[in-house]
Amino acid sequence: MQPLIGYLLKKFPRLSETFILGELLQQEALGTGLHVLSRRTPDDEPRHPALARLRAEVELLPGRTELDPWSRVFAPEGAGLLEALAPVVRPLQEAGHPRVGRLVGEALFVRERAAALGLQHLHVHFATDSALVAHLVHGLGGPSYSITAHAKDIYRSTVDPDLLTRVVADSAFTTTVCDANLDHLRSFLGEAAQPQLRKLYNGIDLEHFRPGGSPREEDLVLAVGRLVEKKGLDVLVDAMVRVREARPRARCVIVGQGDARAALEERIQARGAGGFVELAGALHQGDVLDLMQRATVFALPCRVGDLLARSERKFLLTAKFRERLPRICALPEWSGATIRLGAGSEAEFHQIVEITEDGWAARLATPVLRSHEGGLEFAPPATRKSPRTHRD
């Protein structure tokens, strides 16, 4: 299959980015030819079984010493590159970007590879350095590009609005994964970028989320996420201590790896929770799905992290699903907005439970559930106030 679209990614494959692997597989299912360019060596971690189904070649970019931009600029086939570089590199220099030289070297390499492979378009995930490289490639006469923006790449305090406006404006389109993100981007990007912005939800393959016949473990709580501050897993550890007072057999499995592991281990020991809170480490998707099939509760107690420039409250929406999902699903960024489910959704919403810093709170709110275009629409109670937002 002749590749037509290149995916330019920081690292691929990456255990925590199942949404990228799922997107690649769906692109191939639609008949799209792909070539993946990984800017960094992937981490030594478990691989998802679904990766074996990916037909696209995954090419690792050369190391820094092999990406000398001057060897390409002054090569016989590089005529005109020096003049073309100035206008596309100047905005990065004016923004004080610390890795301009490296990004230029990567862009020149990707430009060559795109031409050799016949790539007609580049797509990147996260509006960070990969997006800047794609922007440089396009500015140097390479293919068009598009971006999927996600979370910390657009909320962290180091985002340069002028530079990101330029990068988004020159893209074929820039998508983000929810209304809150779209509103946020529209609030600080310049006018030139506004027409390129789109919302496109992350999708999942529902064939992998079908109900099983085995009974759930009534007292099993599951959490999945990177072990970092913003996931709020320290709150979950404290909450489990309180849960055990009412349910002595309750236990919690936390799946994931990250810099906060040592701190979580210390907290588990300090709270005397070693017998009922397990840090399972990094697992591939098949093992995670097995745990989801067995667990009764899924917890995602997100909190404000240092990288985020806005506050978020922690809510759980209690639901019963016929798919392979626990009966309690998290909406960590719920802020009083209406939530809509498409046709065929099998959910019965019951209550909102706010999670506070000292554990599970008992403040409940009754949602409003009504039909919407063949699906379901969940509207927050009229008395619930949206949380304040702020910038660092």
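Note that the coordinates shown come from a computational prediction; the quantities given were computed from them, not determined experimentally. (Residues numbered from 1 in each chain as written. Predicted model: local features only at pLDDT ≥ 70, side-chain atom pairs only at ≥ 80, totals over all residues. Heavy atoms only, no water.)

Draft legend 1. View of the overall build of the protein chain. A count of helical and extended segments in the protein chain gives 11 helices and 18 strands. Out of the 392 residues belonging to the protein chain, those deemed buried represent 47%. When the accessible surface of the protein chain is split by element, carbon and sulfur atoms take 51% of a total near 19600 Å². (Helix = DSSP H or I, 4+ residues; strand = E, 2+ residues; numbered from the N terminus. Buried < 20%, exposed > 50% of the residue type's maximum accessible area, 1.4 Å probe, protein only. Areas by Shrake-Rupley, 256 points an atom, 1.4 Å probe, with all protein chains shown as cover.)

Draft legend 2. Structural detail: the nonpolar core. Counting residues in each nonpolar core, the largest one holds 46 residues, and the members touching the most others are Val-110, Leu-136, Leu-164, Leu-185 and Leu-189. Only helix 3 (81–94), helix 4 (100–117), strand 4 (121–125), helix 5 (129–139), strand 5 (144–149), helix 6 (152–155), helix 7 (161–170) and helix 8 (179–188) provide two or more residues apiece to this core. The element contributing the most residues to this core is helix 4, with 9 residues. When neighbours within four sequence positions are excluded, Leu-185 is seen to be in contact with Ala-149, Ile-154, Leu-164, Thr-176, Gln-194 and Leu-197. Leu-236, Ile-254, Ala-273 and Val-297 belong to the second-largest nonpolar core, a separate cluster that totals 19 residues. (Core = buried A, V, L, I, M, F, W, Y, C linked by side-chain atoms within 4.5 Å. Contact = heavy atoms within 4.5 Å.)

Draft legend 3. Main features of the sheet that holds strand 9 (residues 251–255). With parallel pairing, 4 strands are arranged side by side in an open sheet as 10-9-8-11. Edge positions in the sheet fall to strand 10 (277–281) and strand 11 (297–298), since each of these pairs with one other strand and no more. Where strand 8 (residues 220–224) lies against strand 11, 2 bridges are found, and the strand directions are parallel. For Leu-222, the partnering residue across the bridge sits in strand 11 and is Phe-298. (Pairing = 2+ DSSP bridges.)

Draft legend 4. View of unusual backbone geometry. Backbone torsion omega between Phe-12 and Pro-13 reads 0°, so that peptide bond is classified as cis. Mapped onto the elements, Pro-13 comes out in the loop between strand 1 (5–11) and helix 1 (18–29). Even without being a glycine, Phe-126 presents a positive backbone phi close to 85°. Structurally, Phe-126 can be placed in the loop between strand 4 and helix 5.

Draft legend 5. Fine view of the pattern of salt bridges. Enumeration according to the criterion identifies 16 salt bridges in this entry. A salt bridge links Glu-17 to Arg-14; the nearest nitrogen and oxygen atoms lie 3.6 Å apart. Of the residues examined, Glu-17 reaches a relative accessible area of 10% and is grouped as buried. Where Asp-129 meets Arg-99, a salt bridge forms, and the shortest distance between an N and an O atom there is 2.8 Å. (Salt bridge = Lys/Arg side-chain N within 4 Å of Asp/Glu carboxyl O.)

Draft legend 6. Local environment of the side chain of His-135. Following the sequence through the fold, His-135 ends up in helix 5. Residues within four places of His-135 in sequence aside, it is in contact with Tyr-145, Arg-166, Val-167 and Asp-170.

Draft legend 7. Representation of the environment of Lys-231 within the structure. Following the sequence through the fold, Lys-231 ends up in the loop between strand 8 and helix 9 (233–246). Residues Lys-231 and Pro-301, 70 residues apart in the sequence, show an inter-C-alpha distance of 6.3 Å.

Draft legend 8. Quick look at helix 5. Of all 11 residues that make up helix 5, 9 are buried, and the element is covered over most of its length. Considered for burial, the residues of helix 5 that qualify are Asp-129, Ser-130, Ala-131, Leu-132, Val-133, Ala-134, His-135, Leu-136 and Val-137. Just downstream of helix 5, Gly-141 is the residue with a positive phi angle, here 95°.

Draft legend 9. Structural context of the pairing of strand 10. Taking every second residue as pointing to the same face, the buried face of strand 10 carries Val-277, Leu-279 and Gly-281, while none of Glu-278 and Ala-280 on the other face is buried. Pairing of strand 9 with strand 10, which is carried by 4 bridges, proceeds in the parallel orientation. What sits directly across from Ile-254, in strand 10, is Leu-279. The β-α-β motif built from strand 9, the intervening helix 10 (residues 261–270) and the parallel element strand 10 has right-handed crossover chirality. (Right-handed = clockwise from strand over helix to strand, strands pointing away.)

Draft legend 10. The sheet that holds strand 7 (residues 197–199), seen in detail. Taken in spatial order, the 7 strands of this open sheet run 3-2-1-4-5-6-7, and their pairing is parallel. Each of the sheet's edge strands pairs with one partner strand only, and the pair in question is strand 3 (57–60) and strand 7. Direction aside, the axes of adjacent strands within the sheet are offset by 25° on average. Pairing of strand 2 (residues 34–40) with strand 3 involves 4 bridges; the strand directions are parallel. Bridge assignment links Val-36 to a residue of strand 3, and that residue is Val-58. (Axes fitted to C-alpha atoms, helices over the stretch in contact; angles between N-to-C directions.)

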